[in-house]
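Listed below are the residues making up each chain.
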Amino acid sequence: MQDLQLPPIDYGAIAPMLILFGVACLGVFFEAVLPRAARRSTQLVVALLGLVAAFVVVVIQSDTRILTAGGAVAIDGPTLFLQGAIILLGLMALLLVGDRSLEQGGAFVAQAAITVGSDADRRQATRSQGATEIYPLAVFAIAGMMLFVAANDLLTMFVALEVFSLPLYLLCALARRRRLLSQEAALKYFLLGAYASAFFLFGVALVYGFAGGVQFGTIHDAVRESTQSTILLYGGIALIAIGLLFKAAAAPFHVWTPDVYQGAPTPITGLMAACTKVAAFGALLRVLYVAFDGAAWDYTPVLGAIAVLTMLVGAVLAVTQTDIKRLLAYSSIANAGYLLVGVLALSKEGLASTMFYLVAYGFTVIAAFAVVTLVRDADGEATHLSRWAGLGRRSPLFAGLFTFILLAFAGIPLTSGFIAKFAVFGAALDSGEAWLVIFGVITSMLLAFPYLRVVVMMWLSEPGESTPTVSIPGGLTAAALMIGVVATLVLGVAPAPLLDLTTNAAEFVR
Amino acid sequence: MVGVSDFPFLSILTGAPLVGALVVAFLPRAKPELAKRVALIWSIAVAVLAAVMWVAYDAGGERFQFRESYTWIPAWDARFTFAVDGIALVMLLLIAVLVPLVILASWHDADSSKRSVPVYFALLLALESTMIGVFAAADVFLFYVFFEVMLVPMYFLIGSYGGQRRQYAAVKFFLYSLVGGLFMLAAVIGLWALGGKTFSWQELLSADFSTNTERWLFLGFFVAFAIKAPFFPFHTWLPDAGGAAPAGSAALLVGVLDKVGTFGILRYCLPLFPEASRWFAPYALAIALIGIIYAALLAVGQNDLKRLVSYTSIAHFGFIGIGIFAFTTQAGTGAVLYMVNHGLATGLLFLVVGMFVARRGSALVSDFGGAGKLVPLLAGVLFFAGLASLALPGTAPFVSEFLVLIGTFTVNKTVAVIATAGIILAAAYVLWMVQRTTQGTLNPALSTVDGMRRDMTIREKVVVAPLILLLLLLGFYPKPVTDVINPAVQATMQDVGKTDPAPAVQEASR
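Each value, and the rule that gives it
- Residues numbered from 1 in each chain as written.
- Chains lettered and ligands numbered in written order.
- Predicted model: local features only at pLDDT ≥ 70, side-chain atom pairs only at ≥ 80, totals over all residues.
- Heavy atoms only, no water.
- Helix = DSSP H or I, 4+ residues; strand = E, 2+ residues; numbered from the N terminus.
- Rg over C-alpha atoms; globule rule 2.2 N^0.38 Å.
- Buried < 20%, exposed > 50% of the residue type's maximum accessible area, 1.4 Å probe, protein only.
- Contact = heavy atoms within 4.5 Å.
- Lys, Arg positive; Asp, Glu negative; His and termini not counted.
- Charge placed at Lys NZ, Arg CZ, Asp CG, Glu CD.
- Areas by Shrake-Rupley, 256 points an atom, 1.4 Å probe, with all protein chains shown as cover.
- Pairing = 2+ DSSP bridges.
- UniProt positions renumbered as here; feature names shortened; annotations may be inferred.
- Core = buried A, V, L, I, M, F, W, Y, C linked by side-chain atoms within 4.5 Å.
- Buried area = accessible area lost by both parts, 1.4 Å probe.
- Salt bridge = Lys/Arg side-chain N within 4 Å of Asp/Glu carboxyl O.
- pLDDT = per-residue confidence, 0-100.

### Thoughts on the overall build of chain A
For chain A, the count of helices and strands is 20 helices and five strands. Over its C-alpha trace chain A gives a radius of gyration of 22 Å, about what one expects of a compact globule, namely 24 Å for 510 residues. Seen through its C-alpha atoms, chain A measures out along the principal axes to roughly 70 × 55 × 40 Å. In chain A, which comprises 510 residues, the share counted as buried stands at 65%. Sequence separation of at least 24 residues holds for 81% of the intrachain contacts in chain A that already meet a minimum separation of 6. Mean positive and mean negative side-chain charge positions of chain A (27 and 29 charges, respectively) differ by 12 Å.

Written out as structure tokens, the structure is:
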């Protein structure tokens, strides 16, 4: 029998992922052995420490540019930058997840299966500590996303996709308040996500049939030289793109987004809006830039049309929303469109500006959801927009912060939102995609209206009877909020360091 | 030796009001008087600095003076570059003079509202900072940043402290301006991508574009400026905003903020896109002419004093537009002088109207009638402001209007003749307004209003005196201002590639 040659693995380069997978397994172990009272604090501390450690290793590794694990994983500039971004944004989301000062037991229910409103449910509401499995689940998701942006072959990418998706499906279902809505959202997300995964897998099979391999380098060569039928290639690209665009929440694969964003516990919504977006676009960038760049002429018009559709759908439907979480969901869809504009520049600038946009948007959106967790009444978060009327009078500080966040979404200068938009539009125009820029600008005009409506609600309307109070945030939420707002401001006023960082990182290895 | 011109005037002039705004905003809400005094002293200090700069400016020297440049975003070659030519300098002076007077005039404006008084004055100072920045910037990116950020303080001034329909007016103002700004954003990105990847105004001056590109870029900038100015048919936001804003803010809105539009055309549209400017000139002249006649007719029919003044402004902006697009030095100088004089005259008119409104509690012309019998001095000032506004010889606006008309007459008689009809209409709307409010039989309802028994207070006299003085002074001796403006306008006309028509002198036969 022939000896199996194990491929050499550079453990240093993949250490950040190993650390996080290790921490997640450790969390599962803690869940089994630790007494109930000690679980939450241990889990939170271990998860945060694991993220910090992983971030440190990413920084140490920042000059690594290699393919490892038999070419299944690429550790290069974009990988390391995006992994760092996922860790930082994940850290912020975890701060929101861990906060228990706003609600007894936190935003997560211990046993979601208990019937809502039953006696057992009431007992649970008063006594129980809330779930602690969420910490290892969140860490599994974050580690999966890190592998997703590093994957250098389609099968590894698929495995990573499932690793980060499954914990998210679960986390979505665990909201303490409005539990039925939460469970419905999780089921919806799961079913549609399963379809998307199936599409992706089918695409992988077609591309394998075309290229005779799943590694991006092999595919790249095959796109140039293969004599196989291109139907396999185009079908494969289309199906893989559907899988990725689903995660990125691009139209017409976006329909899950508003429901899931609304139903999921708000900290998890923040995690999805920031980190999932980074992961999805990281993978999309690698697939398009490394594997299929030879077919750029064929897929650019189609993806361009999707980008335009995404921007339009996000902007137009955001105007009609009456729920703040759904509004932010449609805004996130529109932002996926702007990100696609950056991706379609298909240049070094396009890669750099898209990465900048992901980070800038991630910080702002988590801060936005942090504010959403604060505006509460007796029934939990008050997410209906009419309830936000006059909030500026009740608590000027948080209304002011949220106004700043909305101005950043609208792309007003001196916020990161403006710099990010400028970067992706500039890159796209430079690559001759003027039509995408024009649609981007037009939809920005449309999108300004819903943001402005919220500002008007908060500041210019009189507070009504039903205007909820803004809870004083605990240390964790306050920290996440402040990090997000400060990052939004700093990246808007002095973006040069991060722009340099993205430019230096903007080169894939093949 | 370090000369006075090496002193970083412009960055200090831009930054100082912002620092003042922060200081004032955090003064205790319970001590409104303190906030008012600090704001007043601060703005006077800024005015003194501006006066020193005026003295240090060398009218016959380089086109751009007080140049400062600091690194900002090297990746895009965007820099903090400040520099002023004569046109920008006189606008800075106008701002520096108007803001202290507006602060003094608005002394009690915020008292009656339920909102914080210190914040009102902080917003005024923040507005001053952004207005100075927009005129002082010599980097296209920096200009755009100030151009957009300027909206935010004005939005809250109108929306939080305005009169009836303030919400509607504030949102309309913001959306109109934002839409214009986004058109400009697309053009700015195009300018950068196609003009050699730089934002430096000086370098962009020598950039070459294809005819079509140049026209599109011109249009992007022009639409933004035409909305800001506002020119017909983009003007509909101004009467609402001017009518709803507190009188002091309205004076700044119409007196200075709108001048950014005409200034932008002179600084950006004409020099950067000379061919397109010449091509579009007939259309620009046409909408300017329509604006003069149409807005004047609407002004005649207004029953609301503040809306009436807003409409007169639109008519005046038509004159400025004609002066710019006639492409002669005379008309151009007249247009710039008009920008200054209009700021003084309309500023005065708005402030005086504000004094009437504060007394009567209503801005409707029909609520007055014979007011001159109760408040003779105030009525006299209104009469003077009206006469200045209709460009009576001896007041400053006469000089500028005359320059515009003769400068235009030398190249385009038709336009000049039609525009002259606007003067007649101006007399109609001003005199009729004065007659209906202050002359004639006393409205019996008026004498029962307590406020109408008090004539001008000392504070109000201090507010109007400098403006009246300046209007008379510049009416008889405009040379100090025209000397500064003239070289800058000449340089601009050279950029457009237009020379003044040679005077038709017959060769004397020998």
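### Here we look at the overall build of chain B
Each helix and strand counted, chain B has 21 helices and two strands in total. For 510 residues, the compact-globule estimate of 2.2 N^0.38 gives 24 Å, and chain B sits close to it at 22 Å. Its C-alpha atoms put chain B at 70 × 60 × 45 Å along the principal axes. Within chain B, the proportion of its 510 residues that are buried is 63%. Long-range pairs, those at least 24 residues apart, make up 81% of the contacts in chain B with a sequence separation of at least 6. Only carbon and sulfur atoms are counted for the fraction: they give 65% of the accessible area of chain B, which is about 17900 Å².

### Details of the side chain of Thr310 of chain A
With respect to the helices and strands, Thr310 of chain A occurs in helix α12 (residues 296-319). Residues in contact with Thr310 of chain A, not counting those within four places in the same chain, are Ala249, Ala250, Ala251, Ile333, Ala334, Ala336, Gly337 and Leu340 of chain A.

### Here's the deal with the pairing of strand β1 (residues 65-73) of chain B
All names here are of chain B. Summarising the sheet, β1 and strand β2 (residues 78-84) pair through six bridges and their orientation is antiparallel. When the bridges of β2 are listed, Glu68 appears paired with Phe82. In sequence, β1 turns back onto β2 through a hairpin of four residues, with Asp77 there showing a positive phi of about 60 degrees.

### Concerning helix α20 (residues 496-505) of chain A
Listed in full, the buried residues belonging to α20 of chain A are Ala496, Leu498, Leu499, Thr502 and Ala505 of chain A. Buried residues along α20 of chain A sit against α3 (77-98), α14 (348-374) and α19 (475-493) of chain A together with β1 of chain B.

### What to know about the UniProt feature "domain: NADH:quinone oxidoreductase/Mrp antiporter transmembrane" (unreviewed entry) in chain A
Feature annotation in UniProt places "domain: NADH:quinone oxidoreductase/Mrp antiporter transmembrane" (unreviewed entry) on residues 151-446 of chain A, given in this structure's numbering. End C-alpha atoms of residues 151-446 of chain A are separated by 37 Å, and the span's content is 79% helix alongside 2% strand.

### Focus on the sheet that holds strand β3 (residues 375-377) of chain A
The strands that make up a sheet are held in pairs by hydrogen bonds between backbone atoms, and each pair lies either parallel or antiparallel. All names here are of chain A. Ordered in space as β4-β3-β5, the three strands form an open sheet in which the pairing is antiparallel. Here the strands that pair on one side only, and so sit at the sheet edges, are β4 (380-381) and β5 (469-470). Here β3 runs beside β4; their pairing, made up of two bridges, is antiparallel. Across the sheet, Arg376 pairs through a bridge with Glu381, a residue of β4.

### Description of the nonpolar core
In this structure, Phe292 of chain A together with Phe141, Phe221 and Phe325 of chain B are the most contacted members of the largest nonpolar core, which totals 413 residues. Of the residues forming this core, the biggest block, 19 residues, is contributed by α14 of chain A. Every residue in contact with Phe221 of chain B, bar those within four places of it in the chain, is listed here: Val140, Met184, Ala187, Val188, Leu191, Tyr268, Cys269 and Phe273 of chain B.

### Examining the interface of chain B and chain A
Contacts between the two partners involve 36 residues from chain B, matched on the other side by 32 residues from chain A. Regarding the contact of chain B and chain A, the summed buried area is about 3100 Å², with carbon and sulfur atoms giving 80% of it. Linking chain B to chain A there are one salt bridge. For Lys197 of chain B, the salt bridge is made with Asp430 of chain A, and the minimal N-O distance between the two is 2.7 Å.

### Focus on the confidence of the model for chain A
Averaged over chain A, the pLDDT score is 90; the fraction of residues at 70 or greater is 98%. The least confident element of chain A is helix α4 (residues 119-127) of chain A, whose mean pLDDT is 72; the most confident is helix α5 (residues 134-150) of chain A, at 95.

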